[in-house]
Amino acid sequence: MAASSAVVAREETITLPTYLVGPPDQTPPVSRLWGYWRIYPYPMLDELTDKRENRDYRALVIENEYLKLTVLPEIGGHLYAYDKVARRDIFYRPSVIKPALIALRGAWIAGGIEFNFPVSHNPLTFAPVDSKLRENADGSATITIGAYEQLTRMRWSVDISLRPGFARIDTRIRVENRTALPHRYYFWSNSAERVTEGTRFVSPVTSVHGWQGTMRYPVHDGEYIPAYRNHHVACDLFSRNVRADFFGCYDDEANEGVINVADHRQVTGRKYFTWGNAHDGRIWEHILSDGEGPYIEIQSGPFETQSVFHMLAPHQVNERSECWYPVRDIGGFDYAN
């Protein structure tokens, strides 16, 4: 077998239809809070418009024979991935950039993988982040994104790597408290997945936390709760007592899915989210896209739920690794590594 060629790394410009956001609010949001979190010194980005025009975005791209990965650092650094063999996007990717008022500062977009630190839908989720593109001596290539976070003066970064001959996305996540004081934090990787009536969450646990409390899993009160079709209203499901290194989702109609693998001792949080398949849930496909179908989220994090924060000690650094990869034509999965 011929050796795989080196991963190609390049920078390009992508033009996307974009619903415009007005300028940042000039009134400092000194007294505004988002849950426990203050917003100042960031300005609000909450002036949405229905004006749509084509916008050019700087794109960092790494590509091998199986996958093409794209990051748009000007709008939060979302990671998009294309399966060149199956000829499909691995993660949900609307054809338009269409913000809604969901994030801490307001504007937020769905799609790809969103990296969240020190809280979900963080201040830079729809703002420029630092970025770097490099080719490595072993033939792999890496996109690094990150930011200095002004609320706490901590810093986060993610190395997104692709290796020759592998249809796998490797990520290395690093969070650093650069200050002399402890700060609360978490870091969740939030991936969006396109769904059909055949989509189901896959997690090898026996119970989950939901908005209704603790539930048996996968069957609770006679209902198969991993299935998207059985959730008519919005809900979160957090896996409890995680003891395996994998989770993901699988679409039995399309016969394809996505898997996340990480050391369960470092990544104890596995979350499934849906807006629900009733009318008040399906309306979000029009709010966040131009009616391009529903999606769900599967998320990974260091703590069991998003109600749990830990303190990062002064000058402490935490790192962890995760990988994501597509599967297809296997009829589902019960184990992955």
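Here the structure is a predicted model, which is why all the values come from computation and not from measurement.

S.K.: I'd like a rundown of the overall build of the protein chain, residues and numbers included.
M.R.: Secondary structure assignment for the protein chain yields two helices and 28 strands. Along the first, second and third principal axes, the C-alpha atoms of the protein chain reach 55 × 55 × 45 Å. Relative to its full complement of 337 residues, the protein chain shows a buried share of 55%. Restricting the contact set of the protein chain to residue pairs at least 6 apart, pairs at least 24 apart contribute 71%. Total accessible area on the protein chain stands at roughly 14,900 Å², and carbon and sulfur atoms take up 49% of it.

S.K.: An account of the pattern of salt bridges is requested, with residue identities and associated values reported.
M.R.: Enumeration according to the criterion identifies 20 salt bridges in this entry. In this structure, Asp 130 and Arg 155 form a salt bridge, with 2.9 Å as the shortest nitrogen-oxygen distance. Here Arg 155 lies in strand E13 (residues 154-162) and Asp 130 lies in strand E11 (residues 130-135), a separation of 25 residues in the sequence. Assessed through its relative accessible area of 41%, Asp 130 is described here as partly exposed. In this structure, Arg 172 and Glu 319 form a salt bridge, with 2.9 Å as the shortest nitrogen-oxygen distance. One end of the pair, Arg 172, is in strand E14 (residues 169-176); the other, Glu 319, is in strand E28 (residues 317-328), with 147 residues separating them in the sequence. Note on Arg 172: relative accessible area 32%, which makes it partly exposed. Connected via shared salt-bridge partners are Arg 10, Glu 12, Glu 63 and Lys 84.

S.K.: Tell me about the sheet that holds E13, and name the residues and values.
M.R.: Across the sheet, which stays open at both edges, the eight strands sit in the order E11-E12-E13-E14-E28-E24-E23-E17 with antiparallel pairing between neighbours. At either end of the open sheet lies a strand with only one pairing partner, and these are E11 and strand E17 (199-202). Across the sheet, the mean angle separating the axes of adjacent strands is 15° when strand polarity is ignored. With six bridges connecting them, strand E23 (residues 246-251) and strand E24 (residues 256-261) associate as antiparallel partners. Within E24, the position partnered with Asp 251 by the bridge is Glu 256.

S.K.: An account of unusual backbone geometry is requested, with residue identities and associated values reported.
M.R.: A cis amide bond links Phe 117 to the next residue, Pro 118, at an omega of -5°. Topologically, Pro 118 is positioned in the loop between strand E10 (113-116) and E11. Cis geometry marks the peptide bond from Tyr 217 to Pro 218; its omega dihedral reads 10°. Its location among the elements puts Pro 218 in the loop between strand E19 (213-216) and strand E20 (219-220). For Asp 221, which is not a glycine, the phi torsion comes out positive at approximately 50°. With a relative accessible area of 73%, Asp 221 lands in the exposed category. The residue His 315 is not glycine, and still its phi comes out positive at about 65°. Note on placement: His 315 falls in the loop between strand E27 (310-312) and E28.

S.K.: Which residues make up the packing of aromatic side chains, and what values go with them?
M.R.: A full pass over the atoms with the stated rule returns 18 aromatic pairs. Plain terms: the ring middles of Phe 246 and Tyr 335 are 5.6 Å apart, the flat faces sit at 70° to each other, and that makes the pair edge-to-face. Separated by 89 residues along the polypeptide, Phe 246 in strand E23 and Tyr 335 in the segment after E28 bring together distant segments of the chain. Judged by its relative accessible area of 2%, Phe 246 falls in the buried class. For Tyr 335, a relative accessible area of 60% corresponds to the exposed category. Consider the rings of Tyr 250 and Phe 333, whose centres lie 6.3 Å apart with planes at 75°: the pair is edge-to-face. Note that Tyr 250 is positioned in strand E23 and Phe 333 in the segment after E28, a separation of 83 residues in sequence. Phe 333 matches Tyr 250 in its accessibility class, with the two residues each being buried. One aromatic cluster in this structure is built from Phe 115, Phe 117, Trp 156, Tyr 185, Phe 187 and Phe 303.

S.K.: Go over the nonpolar core, please, and point to the residues and values.
M.R.: Ranked by internal contacts, the top residues of the largest apolar core, which has 62 residues, are Leu 69, Phe 115, Ile 145, Trp 156, Ile 160 and Ile 169. Sorting elements by how many residues they give to this core places E13 first, with five residues. With sequence-adjacent residues up to four places away left out, Ile 169 is seen in contact with Leu 67, Leu 69, Leu 79, Ala 81, Phe 91, Ile 160, Ser 161, Glu 322, Cys 323 and Trp 324. Membership of the second largest hydrophobic core comes to 13 residues, among which are Leu 45, Tyr 57, Leu 72 and Ile 109.

Criteria and cut-off values
Residues numbered from 1 in each chain as written. Predicted model: local features only at pLDDT ≥ 70, side-chain atom pairs only at ≥ 80, totals over all residues. Heavy atoms only, no water. Helix = DSSP H or I, 4+ residues; strand = E, 2+ residues; numbered from the N terminus. Buried < 20%, exposed > 50% of the residue type's maximum accessible area, 1.4 Å probe, protein only. Contact = heavy atoms within 4.5 Å. Areas by Shrake-Rupley, 256 points an atom, 1.4 Å probe, with all protein chains shown as cover. Salt bridge = Lys/Arg side-chain N within 4 Å of Asp/Glu carboxyl O. Pairing = 2+ DSSP bridges. Axes fitted to C-alpha atoms, helices over the stretch in contact; angles between N-to-C directions. Phe/Tyr/Trp six-rings, centres within 6.5 Å; stacked < 30°, edge-to-face > 60°. Core = buried A, V, L, I, M, F, W, Y, C linked by side-chain atoms within 4.5 Å.

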